[in-house]
Structure formats: C-alpha cells, structure tokens
Amino acid sequence: MLQDESLDDFLDAFLGEKGHQKPEKKRWPTPAIPINTDNLAAVAMVHKDMKEPIAKKKLSKRTWVAIVMILVIIPLTIWFGIRFMGDRKYYFISMGIIVYTFVPFLMVFEGRKPQARELIIIAILAAIGVAGRAAFFMLPQFKPVVAVVIIAGVCFGAESGFLVGAMVGFVSNFFFGQGPWTPWQMFSFGIIGFLAGILFRKGLLKSSKPQLCVYGFLATFFIYGGIMNMSSLLMWSSIITWKSVLAVYITGAPFDLIHASATVFFLFVASKPMIEKLERIKKKYGLIER
Amino acid sequence: MALKDISLSIAEGDFVVICGKSGCGKSTLLRHFKSVLTPHGKRSGEILFNDKPLEEADLRTQSQEIGYVLQSPENQIVTDKVWHELAFGLESLGYDTPTIRLRVAEMASYFGIQAWFKRNVTELSGGQKQLLNLASIMAMHPSVLILDEPTSQLDPIAASDFLETVKKINRDLGTTIIMTEHRLEDILPVADRVMVMDEGEIIAGGTPREIGKQLRGLGHDMFLSMPAPMQIFAGVESDLACPLTVREGRKWMSAYLQGNDVKKTKIPLEKPEIESDETVVELKDVWFRYDKNFPDVVKDLSLRVKKGEFYCLVGGNGTGKTTSLSLISGLNKPYRGKVLINGKDVRKLSDKELFHGMLGILPQNPQSLFVKKTVELDLYEMIGGTKEKKNSVYDSDIEKKTAVDKIAQLLHIEHLFAQHPYDLSGGEQQRLALAKIMMLKPTILLLDEPTKGLDNHFKRELGGILRKLQEHGVTIIMVSHDIEFCALFGDVCGLFFDGNIVTSNTPRAFFSGNSFYTTAANRMSRHVFENAITVKDVITCCRMNL
Amino acid sequence: MEDSFSTYHPIINFFYFSVILIISMFFNHPMILGISLISAILYAVVLQGWKKALKFNLLFMLPMLIIVALINPLFNHSGVTILFYLDNGNPITLESIIYGLVMSVMLIQVIIWFSCYNIIMTSDKFIYLFGRIIPALSLIFSMVLRFVPKFKAQLKVISNGQKCIGRDITNGNILMRARHGVTILSIMVTWALENAIETADSMKARGYGLKGRTAFSLYRFDNRDKGMFGVMLILLVIFIIGVSMGNTFVQYNPIIIINGIVPMSLSSFFTYFIFLVFCLIPVAVDGFSAMKWQKMKEVIPEKTKCAEIRVGIEAQ
C-alpha cells in the first residue's frame, strides 16, 4: 500500500496549502518519465495531415455546374436587369439571385438524398452561426457568422459552406425579421462559404490561421460588404452613378471594417480548435468526404 | 473484443432486461439488433429476426418493426415541434397525410400528449421529452421495442412514470421489449427474462428469481446492482424463493425468521462522529427568490456544516435543494439572511478567494467542464497549461505534473490520459470533472446529483473517492435523489421540503425515522429490525439471529 | 385584436404576401403606392396595435423617408425642370425630388408589408410549404430552429459551470473575460457536435433516408381556403388586365408622365379599386370575424363561450 500512502501525503500537502502562506518546502520526486508527449505529438500529427488537403484536386461535375451558375448566369441576369428592367431592375436582380443561386444547390443537394449525418452537421453549424449572431446582438456588425461559414466551407466542402451560409442568413432573419435584405444576405454568406470550400480544395487556401484570417478579412470586406452595400444602394435609388457607388461604399466602409475585424478575431481564436473538433467528428463517425 | 460468444433467443411479447456494469457491452449488444445502428467492426455469428437473418430484412422493415429508444431525452429529438417529432418516423416510411394524422392522434391520446401537442419541444421537461421519444417510435407500430438506459437522465418520479408506460405497452399491445436499465427495482418484477452481462459475455440468464439464485452461486459483484431484496437474499443462506419487490421481501423476511427466536433486533444509533467543532459552512435564516414577483424558493433556511462532514440534502423535485447549493456558492444571493463560509460572508469573498482553494462545485452535467482534446490536457488546463511555472491559478510548490498524476490516481482516471473526454463513459466523465475541480484544491465540495445516470458499481467507486477526500479534511455537501447512496456514504442527511430543511440527522436515525422516504432495505426490514438501513445492516442482522 | 387571416392555409398566406410584395416592389405608380402604403399601415395596426405600429412608423419610417427622399436628388441630376444648382455645379431637378419621394414611399411600404409578413408567415408554415419541394433542406431548417434554443440553454449551463471555477465573462479584466467567453463557446461547440451523433442515430433509427419520404403537416386546405383562393385569383386577373391596358404606367425621367389619374377613366378607377380590395383582404377578414364574435356574444353568454373554447382546445 505504498502508493496509497504517498497519495495520502500528497493530498494533505496539496489541499492543506493556502495560497498566500508558504508551507514548508516539500518537493515531490519527479518520475523519470516525461509528460506524455507522444500523445501530444500524435495530435499534432493529425493536425499536420489536415493542413495538406487530402482531397482530390479535381472538381466534381456538380461543382462545375454550380460555378457556371454563379460566375456566368448570375452576372448575366444582373446585366439583363440593369439593361431592360427600367426603374425596377434591382428587385428583378435580387429575385434573380435568389432563384439562380439556390436552384442548383437545392437540386444537387436534394437530388443526392443526403444522409442523416450530413443534415445534422449542416444544421449544427448553421445553428451555431445563428446563435452566434444572436449572442452578439449588442455589438452591431461584430458577428461570428462569416467565420463559422468559412470554417464550414473548409471542413465540409464548397456545397456545405454555401448551404450553411444561406441557412444562417435565412433562419437568423426569422429571429431578427425578414426583409428585402434576406436574399442578399443569404447569397453573401453562402458565396463566402462556397469560395472557401473551392479555394481549400484547390489548395489555394490552407487551414492555417494566417491564411484563414486573410481570406476572412477579404471575404467579409469585399464580398459581404461589397454585395450588401450594393444592395442598399439599389434599394434606395435606381440611378447608379460612379459617385453614388463610391459614396455608399465610403459610408459603409467603417461598418464593413468592424465586421471584417470581427471575422478575423473569431477566425484567429476559434479556427484551430473548431477545425480540430470538426475533423475529430469526421473521423470518429466516418463522415469523410464522399 | 466487445462481445464474446453471445447466444440468446427472445420470443414474441417477451419483456427482457439486460443488465451489467457500464462498459460490459450491453449497449453494443442492443445496437446489433438494428443494422443502421450497429457499430463498425468485425462480427462473426448470426442474428435472426423472425427466423431470417437480420441483414435480409430491408431497412424499411427494420425501421418499422424494430423501435429503438436511446439514452438522452434531449439528443434524440430532431425537429422543433412536438407534432412534427411524432410524425417523423412515419414521414420516413412514406405514409400519406391522413394515415399519419390518424397515427399521430392515436399516439398523442395513448401517451397523454394532447395538452402539449402543438408546443415547441424546448418547452418540455426531461420526462416529457423521453415520453415523446417513446411515442414517436411507437407511432411506427414496431413489434420489438429496444430501450437503452432510457431513464438514466430522468429524476426518480419521471423515471418510474416512464417505466410504467413501457410496462403498459408490453401489457396492452404485446410489443416485445428488450431494455437495459439501472433502475432494476422498478422493472425486474415485470420482466420475463433477465440477462446479466460482464465483459462482453452473458454470465447469467433466466427469470428474475433464477437470476437471484444463479448470481448467489457465482458470487459475482454484479449483485451489487440488483434490487435490495435480492441483495439481501443473496447475502443470507435460505431455501426460500428469491424476493423481487419490497412486498415480497417483507414476506420473505418473516418466513425466513419464523421459528427463530429474534433476539437482536436493534442496531445502536451511532453518535455523530465529531472530528472537529469547526463550522465551515453556515446559513443563517436565509430567504431567496429568483425575482421580486416570484414566490420564495428558499424560506428561512438555517444550516451548519462542520469540517470534514459529508452532508446530504435529499428531497423531491423543485423543493429548492439545488437553489440552496447555488446560495452557498454565491451564484445566487439571498435577499435576507447570511451565508458564511469559513466564518466569512460569501458576498465579501472575491471569486479568486472563493473558487481557488475554498469551494469546488461539480456541475450536474460534467460535459460542461471539458475543454481540451485529451483527459491529460484537460487536467492541465485547469492550472494554466503544461508549463511548469507558477501562475495566478497555480501557486503550489508541488510540480504540476505530480499534482495532475496524483489527482488522476485518486480519481482512478490515470489510464484514460490519452483519451478524448467525450469518449469516456458517464462514470468516467463524472470522475474527470471531479478531478478538474480538485485541481483547484477545494476544501469544500458542492455536488449536485453526482450519481445521476451511474450504475451501482460507479456509485461505489465515487463513494470511495469521496470518503478518501473526507479523510483529508474536505467537507462535502451533496444534493441527491439517491437515498441509497446517501445512506451508505453520508454523515448527516437533511430532508428538504418547501424551501427548508424539515429534519436532519445521521443517516441511520434519519432513515429509520422516515417510513416512506427511506431505503428499500429499511422498508423491507423495519417490521423486524430497528435502524437497519443498508443491505449490509439487514444481512448482518439476519446472520446474527440465526 | 386576434388575427384570423393567419388561420387560413399557409398557401393562401404565402400567395397573398407574394403577390402583394411583388406588386409593391415592381410598381411605382403613385396611386398603387398610396393604396398599398395605407393598407400596409392599416394591417400593421391590426396586427400590432396602434401603439407599436405608430412607434415603429414614426421612429424608423419617417427618418428613412426623409433621408431617402433627400439623398436621391443629390446623386440623380436628370430631369427637365431644374430648380437650382448646387455649389459643384450639379442641378437639382423637380423630377429627381419627386422620384426620391416615390422611392422612399415604396421602400417604406415594402418594409411595413414585411413586418406583417413576419408575423403571419411563421416557421411552421415555411416548413410546410417547402417540405414537399425541398424536403432535406426544410428538415435542416426545422432542425436549426430546434438547435438554436437548445444551444442558448446549454450556453447558460456551461457559463454557470465555468462561473463555479471562477471563469465567467464577469471575472477578471477585459482580456480574461474575452478568453473566458471563447472557452465557453468552445465547450459549447464540442458539446453540440458530440451530442449530435445521437441525434443522427435517432434519425436513422426512425428510418430517415428511406425512399419516398413524405411531408406531414397539420394544415388542411378546406372550403374556406378554396373560396379565398378563388376570390384572390379573380381580383388578380382583373388587376392584370387593368395593368395591361396601361392604367398603371408611370415615368419619372426625364419628364413625369402618370397615366390614369388626370383624367381618371372608368377602367383606371376600377383597376385601382380592385387593387384596394385585394390589399384590404386580411383587414376585412379580421373585421368580419370580429363582427361575428360580437354577434355570438349576444347569442352565447360569455362564460359558456369560454368553456367551449376550452373544450375546443382540448379536442385538438
């Protein structure tokens, strides 16, 4: 019972200590075995593996269809609307964007009959985004949504990134109120997640902290800010001049800056642990990419 | 190997209970009864369902015919509305709206769900949630119902309600039931068959009474998980049939002692072991309510806990036990009266003084403490990381490594260092949480329902650990529904009712003074012996009188 | 007042709001805008009461009206009626001022309509509407609605647990607080992800993923809904005919042309009237049902009515 005795001694010494008053020096012999480092090393290894995308570098057909939709058909609609729809073009465009961005994703996603686990992951991430947006309600523009969406895109691919983003935009407005801005927000969040997924798969974006933060900043400032400022301009006025565009971007810049720094902040503190957690879930429950 | 050489057959309409220690493979076995839930791995042997291999039954048949209720009431719910949840399985099976409407209406009526049919699921209590899970499975009209420790997260009243419903399903509808359960005293009397598992094998199987005999023969420690009457039966030599309930137990006692001259009928009440007169926690005429417009939750509560004492607060739901605990910890503040810790007003102590080296509070859900990806890192996390350097949260002269190793040894978790906290079993998670709390060197421990969801084996282990801490001067205040645990390990028990402690005493005096709110062993033996409150007491008394 | 338009089938609700929102977004004829604005305010008052609706309108809508009306002429210099020149030489025109006003009225009525829409179109109705078209996503939607309150509750549990080891967002300096906040969030995320696996198991156990999943709902498309749908369709068709006859044509640039008001023809008056009727459907439905209850009050004494309602609720 030698071990037991040493445990008793230890407890007396450990619990008996008071913070300020110094007890008599009692050194515990250090065992020869160092701290369980191989275990730490193993975890680090897992993380290293992750950094290099194991994924195939080739894009799937579905992804191509989505890219064409987003990069060709949507700008085409915007052009068409501005050219032909007269005064009401911006509403035409915003509706066009809802239809075009969502149709391919819906078709693809619904068409392949997603598994229960996929649904759960998307729902959880979207719920985290919504709860995050609600939790920081007192700080305008300081939201973790974009960070969550980017992480979703990096870990679960472009499609999931888009769906999480769009879902956050849609559901959070059930709590904050729907309006003409809903489709724009859904699209902006979605496209940020989508691009994060694509860039990661192509190997252009690594899951390292600095890279994610840079992407997060650029995406929030230029994609989210760019789209949302444009949308408010279109809502207010239908005569678009360089001056009015510039004016709206300048007035929007401080808000976008706060939003972008929030994204950077959240990615800086949370991206690594969050990605680790998601990777563990993927491994543990066989959710590795299809 | 999770399962070894298991052979069993279950007839239609049977009520089968599978029991065993945590980690004995019962959940793994249950999961083999439904293909979609079967864990990955290698399996040899065959599983037959209706005389055909289970794999041959397609997913549709399996989904419909084999219902599966899991452990956590909260996690099983998928949708946001009660009615939608009820319809979920039927939607999967592709029924049309009129059929689903009928089935859902039937289920809502049978389970008494009408009143909260249109609610959001978040508004339901734990018991209601688990009932909803059961109802949404039953809506698919399964012929087999599998339940994996369905009551472990419920309070005693909700748990026995739930088990009553399960019994009713078996009795009224003839549904075959296969379940694992810790709360055997409620379920064994109606079980047709019981399987006892250990280390992946079935070590005993048969009717509950046969099990009693078999286990006595084996001398296996699984016996500690059986209901008190069966434990007493096992501890005593007799030729009588094994009693299952307290009622049968009383009869058995009378029959057993018949003809013997019962001389020794009383266990002397022990004097409270006063090791010190030092009062550590004191509540003086404390009143508390959550809001100005709400009723009082704690009313004129006075309480004194001495150094090194193990104080148990027992009592029903919503009587204010947990609230009192939060008053002691300073999370809530009384509007009248005083809370003194080590003679100082809790309100005047800083968080650092209070929570580092003084108070340790174990939350009900241990998972709310886990931060890191391994047990070891999680322990270091409490004291500011693995670097051997003193900081504001760790000012001990003992090396961090020594402290972590010793605490882990104390709580029997040193073999789990490399694991992820969420991969541990419930009992292990509980011990890890306690270990994390112990890293802050508390001298007073506040525990809220620490035995919830634990089997008897883990309870004993926890009890032993708490004893050890007590020996080193740690004071423990525990809130619990588990009177058997309090009787075994407590120094003082207090009955909480309507915001106040009605009576408090040493466990022996306390429980023998109550007639309803007491241990099964006491209820079974009180007509013959006085003051026998634990199984061990009763066995000792029986042996002494032969 | 209790709203009875919301008790119609979700398809009716959704159809009504789609039509109204599209018309109010795509038409900037002053007559249409005016009718739509007044009806929107009226319905908002019915739904939210005078106080709330008035507060909303005065606090948010009025400033917005002024800002939008002012900003437009600053950037928009087209139009033939020049009023004066700005310092930088740009003209301010009557047309651009009027256009600014029109735009602000449009924006405001869209937002007020959306505020009504937010009350009527609950998540339940959405899940029903999209449950058949996009079943997987509408299930995700339902799950998100389930998880958000669950996470909020768990966040509270965790932060209480952390408080007990002296690590709450109220402990320590700003940096410590931020770190504690992040720790709490991190614990929450792990908890959410790990516990979700059981949710997935529960879905699979109940046959999720089988072919031919259906979507159940409590809603029934009854005769009342059919009638309402018919009325709305007829009104809409007449309105579209009126529109195609040019009764709602309007132009603000470079000169203002407004059809149908001066002189008002019979057909243009009829078009506006039909639109007014369409806009007032919900308010009218509410008014009729209020009148009905008033009449019932004379027939049934108050107490029995309550009892009946209770019986009705229990029967559900």
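Residues numbered from 1 in each chain as written. Chains lettered and ligands numbered in written order. Predicted model: local features only at pLDDT ≥ 70, side-chain atom pairs only at ≥ 80, totals over all residues. Heavy atoms only, no water.

Description of the overall build of chain A
No. 1: Helix and strand counts for chain A stand at nine helices and zero strands.
No. 2: Along chain A, helices (α) and strands (β) appear in the sequence α-α-α-α-α-α-α-α-α when read from the amino end.
No. 3: Counting across all 290 residues of chain A, residues that qualify as buried make up 54%.
No. 4: For chain A, restricting intrachain contacts to residue pairs at least 6 apart in sequence, the fraction spanning at least 24 positions comes to 72%.
No. 5: Of the accessible surface of chain A, which amounts to about 13700 Å², a share of 71% is contributed by carbon and sulfur atoms. (Helix = DSSP H or I, 4+ residues; strand = E, 2+ residues; numbered from the N terminus. Buried < 20%, exposed > 50% of the residue type's maximum accessible area, 1.4 Å probe, protein only. Contact = heavy atoms within 4.5 Å. Areas by Shrake-Rupley, 256 points an atom, 1.4 Å probe, with all protein chains shown as cover.)

Observations regarding the confidence of the model for chain A
No. 1: Chain-level statistics for chain A give a pLDDT mean of 76 and a share of 72% at 70 or above.
No. 2: In this model residues 18-56 of chain A is a low-confidence stretch, pLDDT under 50, and it forms 44 contacts with partners more than four residues away in sequence or in other chains. (pLDDT = per-residue confidence, 0-100.)

A few points about the interface of chain C and chain B
No. 1: Contacts between the two partners involve 51 residues from chain C and, on the opposite side, 59 residues from chain B.
No. 2: A buried area of about 5000 Å², summed over both sides, lies between chain C and chain B, and 57% of it is on carbon and sulfur atoms.
No. 3: In terms of surface lost to chain B, no three residues of chain C exceed Arg146, Arg206 and Phe216 of chain C, which account for 19% of the buried area on that side.
No. 4: Counting the contacts that link chain C with chain B gives five salt bridges.
No. 5: Of the charged contacts in the structure, one is a salt bridge between Glu91 of chain B and Arg213 of chain C, with a shortest N-O distance of 2.7 Å. (Buried area = accessible area lost by both parts, 1.4 Å probe. Salt bridge = Lys/Arg side-chain N within 4 Å of Asp/Glu carboxyl O.)

A closer look at the sheet that holds strand E9 (residues 279-288) of chain B
Residues and elements named next belong to chain B.
No. 1: Ordered by their spatial adjacency, four strands build an open sheet running E10-E9-E12-E13, and the pairing between neighbours is antiparallel. Two strands bound the open sheet, and with one partner strand each, they are strand E10 (298-306) and strand E13 (344-345).
No. 2: Two elements, E9 and E10, share six bridges in a ladder whose sense is antiparallel. Along E10, the bridge assignment pairs Val286 with Leu301. (Pairing = 2+ DSSP bridges.)

Quick word on the nonpolar core
No. 1: The biggest cluster of nonpolar side chains holds 212 residues, and the ones touching the most others in it are Leu445 and Leu466 of chain B together with Phe17, Tyr43, Val144 and Met203 of chain C.
No. 2: The element contributing the most residues to this core is helix H6 (residues 145-176) of chain A, with 20 residues.
No. 3: When residues no more than four places from it in sequence are discounted, the contact partners of Leu445 of chain B are Gly360, Leu434, Ile437, Met438, Leu466, Leu469, Val474, Thr475, Ile476 and Ile477 of chain B.
No. 4: Counting residues in each nonpolar core, the second largest holds 77 residues, with Ile177, Val535, Cys541 and Cys542 of chain B among its members. (Core = buried A, V, L, I, M, F, W, Y, C linked by side-chain atoms within 4.5 Å.)

Overview of the sheet that holds strand E1 (residues 15-20) of chain B
Two orientations exist for strands paired in a sheet by backbone hydrogen bonds: parallel and antiparallel.
All names here are of chain B.
No. 1: If you trace the six strands from one edge of the open sheet to the other, you get E4-E5-E6-E1-E7-E8, paired in mixed fashion. The outermost strands of the open sheet, each flanked by one partner alone, are strand E4 (66-69) and strand E8 (201-206). Averaged over all neighbouring strand pairs, the angle between strand axes comes to 15 degrees, with direction disregarded.
No. 2: Judged from the four bridges that link them, E4 and strand E5 (residues 144-148) form a sheet pairing that is parallel. Paired with Ile66 across the two strands is Val144, which belongs to E5.
No. 3: Running over the sheet, helix H5 (residues 126-138) touches E4 and E5 and is turned about 170 degrees from E4. (Axes fitted to C-alpha atoms, helices over the stretch in contact; angles between N-to-C directions.)

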